[in-house]
Amino acid sequence: GLNYEKFAYPNTAHVGLTSDARYFSSMPSRKYHWRGLKVKVPANCVDAQGKYDGRYRTTGPGTTGGVWDGTFHATKVWCNNPAWCYYDIVESRRYGAGNWLAGTVDKWGLYEIAKYCDELVPTGVSTDVYTRVTTSSVAQDGSLNPAVSTVISGLEPRFTLNCVLNTAEQAARMLGTLTSVFRAMTYWDGSTTTLTQDRPSSPVQLYTNANVEGGVFDWQGSSRGARHTVCIVQWNDITEGGKPRYERVQDSEGIQR
(Lines give C-alpha, C1' and ligand atoms only; values in the text may rest on other atoms or scores of the structure.)
Protein backbone atom coordinates (compact mmCIF):
# COMPACT_ATOMS: atom_id res chain seq x y z
CA GLY A 1 0.00 0.00 0.00
CA LEU A 2 0.89 3.65 -0.18
CA ASN A 3 2.54 5.40 2.74
CA TYR A 4 1.28 8.97 3.02
CA GLU A 5 3.70 11.23 4.87
CA LYS A 6 4.18 14.97 4.99
CA PHE A 7 7.54 16.26 3.85
CA ALA A 8 8.88 19.77 3.33
CA TYR A 9 10.64 20.68 0.08
CA PRO A 10 11.74 24.30 0.49
CA ASN A 11 12.68 26.14 -2.72
CA THR A 12 11.90 23.03 -4.73
CA ALA A 13 9.52 22.16 -7.55
CA HIS A 14 8.32 18.70 -6.53
CA VAL A 15 6.33 16.22 -8.62
CA GLY A 16 4.99 12.90 -7.34
CA LEU A 17 3.47 10.13 -9.41
CA THR A 18 2.67 6.44 -9.12
CA SER A 19 2.79 3.77 -11.83
CA ASP A 20 1.96 0.07 -12.03
CA ALA A 21 5.18 -1.99 -12.08
CA ARG A 22 3.43 -4.66 -14.16
CA TYR A 23 3.60 -2.38 -17.19
CA PHE A 24 7.16 -1.08 -16.77
CA SER A 25 10.37 -3.10 -16.50
CA SER A 26 12.24 -0.06 -15.15
CA MET A 27 11.56 3.46 -14.01
CA PRO A 28 9.78 5.17 -16.95
CA SER A 29 11.28 8.32 -18.39
CA ARG A 30 9.44 11.58 -17.70
CA LYS A 31 9.48 15.00 -19.31
CA TYR A 32 8.11 18.21 -17.86
CA HIS A 33 7.48 21.62 -19.34
CA TRP A 34 8.22 24.13 -16.62
CA ARG A 35 9.21 27.77 -16.36
CA GLY A 36 11.73 27.69 -13.54
CA LEU A 37 12.67 30.65 -11.38
CA LYS A 38 11.11 34.08 -11.58
CA VAL A 39 13.61 36.93 -11.88
CA LYS A 40 13.71 40.70 -11.56
CA VAL A 41 13.15 42.58 -14.82
CA PRO A 42 12.91 46.30 -15.69
CA ALA A 43 9.55 47.90 -15.00
CA ASN A 44 9.10 48.89 -18.65
CA CYS A 45 9.47 45.30 -19.90
CA VAL A 46 6.25 43.96 -18.39
CA ASP A 47 2.99 44.05 -20.33
CA ALA A 48 -0.58 44.62 -19.13
CA GLN A 49 -0.89 40.97 -18.12
CA GLY A 50 2.17 41.11 -15.89
CA LYS A 51 4.26 39.02 -18.29
CA TYR A 52 7.72 39.79 -19.61
CA ASP A 53 7.85 41.20 -23.14
CA GLY A 54 11.15 42.71 -24.18
CA ARG A 55 9.57 44.72 -26.99
CA TYR A 56 7.03 46.22 -24.62
CA ARG A 57 9.69 48.60 -23.34
CA THR A 58 8.96 50.96 -26.26
CA THR A 59 5.21 51.19 -25.59
CA GLY A 60 4.79 50.34 -21.94
CA PRO A 61 3.61 52.79 -19.26
CA GLY A 62 6.16 55.36 -18.22
CA THR A 63 8.52 54.76 -21.13
CA THR A 64 9.51 56.73 -24.20
CA GLY A 65 11.46 55.10 -27.00
CA GLY A 66 13.04 52.48 -24.75
CA VAL A 67 14.22 54.89 -22.02
CA TRP A 68 14.51 53.11 -18.67
CA ASP A 69 14.46 54.95 -15.34
CA GLY A 70 16.43 52.22 -13.56
CA THR A 71 13.55 50.73 -11.57
CA PHE A 72 12.57 47.08 -11.62
CA HIS A 73 9.08 45.61 -11.69
CA ALA A 74 7.44 45.27 -8.27
CA THR A 75 7.33 41.47 -8.50
CA LYS A 76 9.54 38.90 -10.14
CA VAL A 77 8.30 37.35 -13.39
CA TRP A 78 9.20 34.44 -15.64
CA CYS A 79 11.77 35.51 -18.19
CA ASN A 80 14.23 33.64 -20.42
CA ASN A 81 16.26 36.67 -21.45
CA PRO A 82 19.79 35.50 -20.52
CA ALA A 83 20.84 38.99 -19.43
CA TRP A 84 18.24 39.14 -16.64
CA CYS A 85 18.87 35.51 -15.70
CA TYR A 86 22.53 36.50 -15.32
CA TYR A 87 21.50 39.46 -13.16
CA ASP A 88 19.47 37.13 -10.94
CA ILE A 89 22.44 34.79 -10.41
CA VAL A 90 24.72 37.69 -9.53
CA GLU A 91 22.23 39.24 -7.09
CA SER A 92 20.98 36.09 -5.35
CA ARG A 93 22.49 35.35 -1.95
CA ARG A 94 20.90 31.90 -1.74
CA TYR A 95 22.01 30.21 -4.95
CA GLY A 96 24.19 32.82 -6.69
CA ALA A 97 27.09 35.18 -6.10
CA GLY A 98 25.11 37.79 -4.17
CA ASN A 99 27.25 37.51 -1.04
CA TRP A 100 30.16 38.97 -3.01
CA LEU A 101 28.71 40.83 -6.02
CA ALA A 102 25.21 42.00 -5.09
CA GLY A 103 24.70 45.65 -6.04
CA THR A 104 27.84 45.84 -8.17
CA VAL A 105 26.42 45.02 -11.62
CA ASP A 106 26.35 47.77 -14.24
CA LYS A 107 22.58 47.50 -14.83
CA TRP A 108 22.58 50.24 -17.49
CA GLY A 109 25.02 48.34 -19.66
CA LEU A 110 23.13 45.13 -18.95
CA TYR A 111 19.92 46.79 -20.15
CA GLU A 112 21.47 47.51 -23.54
CA ILE A 113 22.64 43.91 -23.74
CA ALA A 114 19.14 42.69 -22.86
CA LYS A 115 17.65 44.80 -25.66
CA TYR A 116 19.98 43.15 -28.15
CA CYS A 117 19.01 39.71 -26.83
CA ASP A 118 15.29 40.52 -27.25
CA GLU A 119 15.51 41.70 -30.86
CA LEU A 120 13.53 39.39 -33.12
CA VAL A 121 15.45 37.44 -35.75
CA PRO A 122 14.30 34.85 -38.35
CA THR A 123 13.98 31.30 -37.07
CA GLY A 124 14.61 29.68 -40.43
CA VAL A 125 11.23 27.97 -40.30
CA SER A 126 7.80 29.15 -41.39
CA THR A 127 5.89 28.19 -38.25
CA ASP A 128 4.59 30.82 -35.85
CA VAL A 129 6.77 30.55 -32.76
CA TYR A 130 6.23 33.94 -31.20
CA THR A 131 2.84 35.51 -30.51
CA ARG A 132 2.64 39.00 -29.13
CA VAL A 133 -0.42 39.83 -27.06
CA THR A 134 -1.02 43.56 -27.27
CA THR A 135 -2.80 45.66 -24.66
CA SER A 136 -5.90 45.77 -26.86
CA SER A 137 -5.97 41.98 -26.86
CA VAL A 138 -7.00 41.87 -23.20
CA ALA A 139 -10.62 42.56 -22.29
CA GLN A 140 -11.69 44.25 -19.06
CA ASP A 141 -12.42 40.90 -17.45
CA GLY A 142 -8.88 39.75 -18.22
CA SER A 143 -9.85 37.36 -21.01
CA LEU A 144 -7.90 37.22 -24.24
CA ASN A 145 -9.35 38.41 -27.53
CA PRO A 146 -7.51 36.47 -30.26
CA ALA A 147 -9.04 38.66 -32.96
CA VAL A 148 -6.67 41.52 -32.17
CA SER A 149 -3.59 39.51 -31.24
CA THR A 150 -0.53 40.07 -33.38
CA VAL A 151 1.20 36.94 -34.64
CA ILE A 152 4.74 37.41 -35.88
CA SER A 153 5.61 34.58 -38.26
CA GLY A 154 9.02 32.96 -38.32
CA LEU A 155 10.65 35.23 -35.72
CA GLU A 156 12.08 34.66 -32.26
CA PRO A 157 14.28 36.56 -29.77
CA ARG A 158 17.97 36.52 -30.72
CA PHE A 159 19.14 34.90 -27.45
CA THR A 160 17.15 32.99 -24.84
CA LEU A 161 18.22 30.89 -21.86
CA ASN A 162 16.32 27.74 -20.89
CA CYS A 163 18.52 25.57 -18.69
CA VAL A 164 18.91 23.82 -15.35
CA LEU A 165 21.80 24.65 -13.01
CA ASN A 166 22.06 21.52 -10.85
CA THR A 167 25.72 21.36 -9.85
CA ALA A 168 27.97 23.61 -7.76
CA GLU A 169 30.51 25.54 -9.81
CA GLN A 170 33.15 28.20 -9.27
CA ALA A 171 31.53 31.62 -9.46
CA ALA A 172 33.83 33.01 -12.15
CA ARG A 173 33.38 29.93 -14.33
CA MET A 174 29.60 29.96 -13.89
CA LEU A 175 29.28 33.64 -14.80
CA GLY A 176 31.52 33.10 -17.80
CA THR A 177 29.30 30.25 -18.98
CA LEU A 178 26.16 32.35 -18.63
CA THR A 179 27.60 35.34 -20.49
CA SER A 180 28.77 33.11 -23.34
CA VAL A 181 25.08 32.42 -24.08
CA PHE A 182 24.66 35.99 -25.35
CA ARG A 183 28.19 36.51 -26.76
CA ALA A 184 29.45 38.53 -23.83
CA MET A 185 32.22 38.60 -21.25
CA THR A 186 32.10 39.67 -17.63
CA TYR A 187 34.95 41.32 -15.73
CA TRP A 188 35.63 43.37 -12.62
CA ASP A 189 36.78 46.91 -13.39
CA GLY A 190 37.71 47.77 -9.82
CA SER A 191 34.33 49.04 -8.68
CA THR A 192 31.58 47.34 -10.71
CA THR A 193 30.82 44.02 -12.38
CA THR A 194 30.87 45.01 -16.04
CA LEU A 195 29.90 43.16 -19.19
CA THR A 196 30.98 43.63 -22.78
CA GLN A 197 29.07 42.06 -25.67
CA ASP A 198 30.04 41.21 -29.22
CA ARG A 199 27.36 43.06 -31.19
CA PRO A 200 27.32 45.62 -34.02
CA SER A 201 28.51 49.03 -32.88
CA SER A 202 30.12 52.20 -34.13
CA PRO A 203 33.89 52.22 -34.83
CA VAL A 204 36.00 52.81 -31.76
CA GLN A 205 39.13 53.95 -33.61
CA LEU A 206 39.46 56.17 -36.67
CA TYR A 207 42.61 56.17 -38.80
CA THR A 208 43.70 59.18 -40.86
CA ASN A 209 46.82 60.13 -42.78
CA ALA A 210 48.27 61.39 -39.53
CA ASN A 211 48.35 57.79 -38.26
CA VAL A 212 50.30 56.48 -41.27
CA GLU A 213 54.08 56.65 -41.37
CA GLY A 214 55.79 56.32 -44.72
CA GLY A 215 52.52 55.68 -46.57
CA VAL A 216 52.68 51.92 -46.00
CA PHE A 217 50.03 49.77 -44.31
CA ASP A 218 50.99 46.44 -42.77
CA TRP A 219 48.12 43.97 -43.17
CA GLN A 220 48.04 40.91 -40.94
CA GLY A 221 45.60 38.02 -40.59
CA SER A 222 45.24 34.25 -40.47
CA SER A 223 45.88 32.08 -43.50
CA ARG A 224 42.87 31.02 -45.54
CA GLY A 225 43.67 27.39 -44.91
CA ALA A 226 43.30 27.93 -41.17
CA ARG A 227 39.85 29.54 -41.38
CA HIS A 228 36.87 27.32 -40.62
CA THR A 229 34.20 27.23 -43.32
CA VAL A 230 31.74 24.71 -41.82
CA CYS A 231 30.35 24.16 -38.35
CA ILE A 232 27.75 21.82 -36.87
CA VAL A 233 25.36 23.59 -34.47
CA GLN A 234 23.53 21.63 -31.79
CA TRP A 235 20.30 23.10 -30.42
CA ASN A 236 17.30 21.91 -28.44
CA ASP A 237 14.03 21.95 -30.37
CA ILE A 238 11.23 23.00 -28.02
CA THR A 239 8.65 21.88 -30.58
CA GLU A 240 9.98 18.33 -30.22
CA GLY A 241 10.06 18.13 -26.44
CA GLY A 242 13.52 19.64 -26.14
CA LYS A 243 15.25 16.93 -28.17
CA PRO A 244 18.71 17.86 -29.48
CA ARG A 245 18.88 18.76 -33.16
CA TYR A 246 21.88 19.41 -35.40
CA GLU A 247 22.23 21.90 -38.21
CA ARG A 248 25.07 22.33 -40.69
CA VAL A 249 26.10 25.95 -41.28
CA GLN A 250 28.67 26.67 -43.96
CA ASP A 251 30.48 29.57 -45.59
CA SER A 252 29.90 28.82 -49.28
CA GLU A 253 32.18 31.63 -50.46
CA GLY A 254 34.99 30.42 -48.24
CA ILE A 255 34.58 26.86 -49.46
CA GLN A 256 34.82 28.02 -53.08
CA ARG A 257 38.03 29.91 -52.35
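Residues numbered from 1 in each chain as written. Predicted model: local features only at pLDDT ≥ 70, side-chain atom pairs only at ≥ 80, totals over all residues. Heavy atoms only, no water.

S.K.: How should I be thinking about a nonpolar patch on the surface in this particular structure?
M.R.: Side chains of Val15, Leu17, Tyr32, Trp34 and Val164 sit close together on the surface and give an oily, nonpolar patch of about 540 Å² of accessible area. One can find Tyr32 in the segment before strand S1 (38-39). Residue class for Tyr32 comes out partly exposed when judged on its relative accessible area of 46%. (Patch = residues over 30% accessible without salt bridge, like charges linked within 9 Å, V, L, I, M, F, W, Y side chains within 5 Å. Areas by Shrake-Rupley, 256 points an atom, 1.4 Å probe, with all protein chains shown as cover. Salt bridge = Lys/Arg side-chain N within 4 Å of Asp/Glu carboxyl O. Helix = DSSP H or I, 4+ residues; strand = E, 2+ residues; numbered from the N terminus. Buried < 20%, exposed > 50% of the residue type's maximum accessible area, 1.4 Å probe, protein only.)

S.K.: Is there a simple way to explain the pairing of strand S7 (residues 184-188) in this structure?
M.R.: Successive side chains on a regular strand alternate, one facing one side of the sheet and the next facing the other. As judged from the five bridges shared by S7 and strand S8 (residues 193-197), these two strands associate in the antiparallel manner. Bridge pairing in S8 links Met185 to Thr196. (Pairing = 2+ DSSP bridges.)

S.K.: Looking at this structure, I do not really get the pattern of salt bridges. What am I missing?
M.R.: A side chain of one charge can pair with a side chain of the opposite charge if their charged atoms are brought near each other. Under the criterion given, the structure shown has seven salt bridges. The residue Glu119 makes a salt bridge to Arg158 at a minimum N-O spacing of 3.0 Å. You can see Glu119 sitting in the loop between helix H3 (107-118) and strand S3 (120-122) and its partner Arg158 sitting in the loop between strand S6 (155-157) and helix H4 (171-180), a full 39 residues away along the chain. Glu119 gets classed as partly exposed once you look at its relative accessible area, which sits at 40%. The partner of Arg257 in a salt bridge is Glu253, and the shortest N-O contact between them spans 3.7 Å. Each of the two residues, Arg257 as well as Glu253, counts as exposed.

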